[in-house]
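For reference, the chains in residue letters:
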Amino acid sequence: MEEKKVFTSEIKNLVDKWKDKEGNLIMILHEIQNHHGYVPRELALELSSMLEVPLARIYEVITFYNFFKLSPPGKHRISVCMGTACYLKGAPEIIKEIKNILHVEEGRTTQDGNFHLDVVRCLGCCGLAPVVMIDGKVYGKVKKQEIMDIISTYVKEEE
Amino acid sequence: MAKAIKAKINGILLRVPEGTTILDAAKQVQIKIPTLCKHPDLVASASCGICIVKVKGSNKMLRACCTPLEEGMEIITHDPEIVEIRRTVIELILSNHPNDCLKCGRNNACELQKLTADFGIKTESFPQTLRDLPIDTSTKAVDLDPKKCILCGRCVHVCQDIQDVWALSFLERGMHTRISPAGDIQLADSPCVKCGQCSAHCPTGAFVEQDHTARAWQVLQDPEKYCVVQIAPAVRASIGEAFGYTGKNFTRKLYALLRRLGFQAVFDTNFAADVTIMEEASEFEERLLKGTKPLPLITTCCPSWVDFMEKFHTDMIDHFSSCKSPHEILGVLSKTYYAQKNKIDPAKIVMVSIMPCTSKKYEVSRSDEMFASGFQDIDIVLCTRELARMIKQAGIDFESLPDEESDSILGEYSGAGVIFGATGGVMEAALRTAHYFITGKDLKKVDLESVRGLKGVKETEVDVGGKKVRVAVAHGLANVEYVLNKVRRAKKEGKEAPYHFIEVMACPGGCIGGGGQPYMVTDELRAKRAQALYEDDAAKEIRFSHQNPYIKRLYDEFLEKPLSEKSHKLLHTTYKARPTYRK
């Protein structure tokens, strides 16, 4: 209940700010996404009644754009590059290894909420292919055997 | 008048009003361009690409469904290349559509299947990539199998634009696009009102009514059960379509048919429509003369409308007639009045109803009041499409059946009872009797033409003993907003209500256009179905509910008078706010 009240005032501020502007739905969703890292369903429902936009329309927008997420992000975001260079240099093997170690699918978060796995297009450092990025830190020329060690450092951090 | 334009289709010169699509214009030169996503009820979404045609002087192919013919255009609607492209489009759709035809609810009635047959596709040209999406049976009325969806968008248009319900939308995009209520919840937890217009408009088996024919066969073979049946007004005007007839009234053959299927008593929902009128007209009289509750009075025969109101317009609850739908009234009377008169144990009675409607499947357990007889008043609901299948399963030569009569004491109906099936019908029937209740005299002109027809909102005035009674009739739920907002505005400004009486039916055309009716309905067909009901009314000797001798008898012997304590207990219900989203 407490949480709901917080949501209501948060949404109200956003709606007041954007109400009369064109394209307000997407701008409000941006703010929610940036603040929470995803768009919680309770917020989407609140937004729906305040903007008088059907929830179905809000979900059409959320699910259309990759930027918006519907579930909380993992604590650490792992992005594996599948651009052409990384692909040729063995990215598919790297992804497979990460999936095996963390038991997670692409675009999903591990059950403990610690890691989120994304497959992305070029990260802009093809010379280092294959590239893995964790929380903004770039690991270049990654070998399959090194994955366990890299992930372990983040696991240790959690412990 | 729109400007006329001249153009050529397949070398034949023609003139059409400006704005006519190539698809419609081509009909003038005897060409029916194949279509899949286009439905006559809906604005073209141009999503499938089957209807492509060539235009001379351009390399680009055009979609006939959404492109207006232009002055001087030379269109080619078919050549080997066009046919080949259309075939490829179908093959691509088939590459992510399961090959379940033999076990699909739309087998033999599927528009994709028909096109596949028309184009003689016999092999899989592209490897299949099927999506693993679960079937949703949660509404108990309409089942959704998103794997079978071809993303034509008809259901989305109907649900969002025609019905204003917004239970359905496309989620995600590209390869991953799928049909779903917002956020992977079940339909029953969404705003869905079970109107079934999605199933009536879906070209494939993605939306199909939940089939209860097996349940019906099972009770019919149980010697311990006493199976009775009722048919709704709209069914008699549409069942013929399963056998090639349009706009023909099959009331008496339906009575014969249902007896041969094994029902021990065949009743008519029209009788209960007459009861509804007695109750609702009395309610109206009370509100108008005594001001017991606020005006306008709003009709409640349609369970999708009731569900819609309970989710979206709860400020109108006080305006709702408390009277149940004819469907439910017949159910409760069969297990009380009829059972007592005929000394039948109501526990053994199984009431099956034949309805044009998927929402009636939901209505039977909507609230505790639907168990007023002490049992569930209606046991099984079959929609028109299901009955058509049962006729074929039984092998009954429907067209050749003799005419028979319904069974007393819940079968005889007045002309007012049968027009319930068309938009405006309830209003017309109610006003006929309300006029009598209020003035003591019958209307001189029985037909109220001004509430008939397919216009989305019909507003008119009727003279009732010198008082102008203002009424509104809306059908297709998107049309309700206009009417209700007028009421709200007047309330807010402290003015007199703009109407005294409002009728709402969820489906376009009313029940004759119901979600459980035969497929491919157009306004032309809706008008024909309605006409069949109005002809039945006109041919009736008794055209007022209050003059139906069996109605008089029902009140004399059982209910005492309209709005009596017993009537309230058995024939009336209550409403409450329900969340639009339960998750």
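Everything numeric in this text was worked out from a predicted model, so none of it was measured.

1. Notes on the overall build of chain B
Turning to step 1, where the next piece is worked out: Across its full length, chain B holds 19 helices and 17 strands.
Turning to step 2, where the next piece is worked out: For 583 residues, the compact-globule formula gives about 25 Å, and the C-alpha radius of gyration of chain B, at 25 Å, lands near that figure.
Turning to step 3, where the next piece is worked out: Referenced to the eigenvectors of the C-alpha coordinate spread, the extents of chain B come out at roughly 75 × 60 × 50 Å.
Turning to step 4, where the next piece is worked out: A buried classification covers 60% of the 583 residues belonging to chain B.
Turning to step 5, where the next piece is worked out: For chain B, the proportion of contacts with a sequence separation of at least 24, taken over those separated by at least 6, is 73%.

2. Remarks on the side chain of Arg-106 of chain B
Residues and elements named next belong to chain B.
Turning to step 1, where the next piece is worked out: By the secondary structure assignment, Arg-106 is in the loop between helix H2 (80-94) and helix H3 (111-118).
Turning to step 2, where the next piece is worked out: Comment: no salt bridge for buried Arg-106; closest opposite-charge side chain is Glu-111, at 4.2 Å.
Turning to step 3, where the next piece is worked out: Polar contacts involving the side chain of Arg-106 include one to the main-chain carbonyl oxygen of Thr-204, which spans 3.2 Å.
Turning to step 4, where the next piece is worked out: Sequence-distant contacts of Arg-106, defined by excluding residues within four places in its chain, comprise Glu-111, Gln-113, Ser-199, Cys-202, Pro-203, Thr-204, Gly-205, Val-208 and Tyr-519.

3. Some details on the domain arrangement of chain B
Turning to step 1, where the next piece is worked out: In terms of domain boundaries, chain B breaks down into domain 1 (4-92), domain 2 (97-121 + 131-204) and domain 3 (214-571).
Turning to step 2, where the next piece is worked out: Distance from the C-alpha centre of domain 1 of chain B to the C-alpha centre of domain 3 of chain B: 42 Å.

4. Looking at the nonpolar core
Residues and elements named next belong to chain B.
Turning to step 1, where the next piece is worked out: Of all hydrophobic cores here, the largest spans 76 residues; its most connected members are Ile-239, Leu-257, Leu-258 and Leu-333.
Turning to step 2, where the next piece is worked out: Per-element accounting of this core gives the leading share, 7 residues, to helix H11 (residues 326-341).
Turning to step 3, where the next piece is worked out: Apart from residues no more than four positions distant in its own chain, Leu-258 is found in contact with Val-229, Ile-231, Phe-263, Val-266, Ile-354 and Leu-387.
Turning to step 4, where the next piece is worked out: Core analysis: the second largest hydrophobic core is formed by 65 residues, Cys-155, Leu-431, Val-451 and Ala-506 among them.

5. A closer look at the interface of chain B and chain A
Turning to step 1, where the next piece is worked out: Across the boundary between the two partners, chain B contributes 13 residues, which contact 11 residues of chain A.
Turning to step 2, where the next piece is worked out: Overall, the association of chain B and chain A removes approximately 1,100 Å² of surface from exposure, summing both partners, and the carbon and sulfur fraction of that is 63%.
Turning to step 3, where the next piece is worked out: Counting the surface chain B buries against chain A, the share from its top three residues, Trp-166, Arg-173 and Tyr-581 of chain B, is 47%.
Turning to step 4, where the next piece is worked out: Here chain B is connected to chain A by 0 salt bridges.

6. Quick notes on the domain arrangement of chain A
Turning to step 1, where the next piece is worked out: Segmentation of chain A into domains returns domain 1 (2-64) and domain 2 (76-158).
Turning to step 2, where the next piece is worked out: In this structure, domain 1 of chain A and domain 2 of chain A have C-alpha centres spaced 32 Å apart.

7. Focus: the packing of helix H6 (residues 213-220) of chain B against helix H13 (residues 384-394) of chain B
Residue and element names in this part refer to chain B.
Turning to step 1, where the next piece is worked out: Where H6 contacts H13, the axes come no closer than 10 Å and their chain directions differ by 55°. By the angle between their directions, the pair H6 and H13 is classed as oblique. Once H6 is placed against H13, the crossing between them reads as right-handed. Between H6, through Thr-213, Ala-216, Trp-217 and Leu-220, and H13, the contact on the second element is made entirely by Glu-386, Met-390, Gln-393 and Ala-394.

Rules used in this analysis
Residues numbered from 1 in each chain as written. Chains lettered and ligands numbered in written order. Predicted model: local features only at pLDDT ≥ 70, side-chain atom pairs only at ≥ 80, totals over all residues. Heavy atoms only, no water. Helix = DSSP H or I, 4+ residues; strand = E, 2+ residues; numbered from the N terminus. Rg over C-alpha atoms; globule rule 2.2 N^0.38 Å. Buried < 20%, exposed > 50% of the residue type's maximum accessible area, 1.4 Å probe, protein only. Contact = heavy atoms within 4.5 Å. Lys, Arg positive; Asp, Glu negative; His and termini not counted. Salt bridge = Lys/Arg side-chain N within 4 Å of Asp/Glu carboxyl O. Polar contact = N/O pair within 3.5 Å; in protein donor to acceptor, adjacent residues only side chain to side chain. Domains from an automatic or database assignment. Core = buried A, V, L, I, M, F, W, Y, C linked by side-chain atoms within 4.5 Å. Buried area = accessible area lost by both parts, 1.4 Å probe. Axes fitted to C-alpha atoms, helices over the stretch in contact; angles between N-to-C directions. Parallel < 35°, antiparallel > 145°, perpendicular 65-115°, else oblique. Left-handed = near helix turned anticlockwise from the far one by under 90°.

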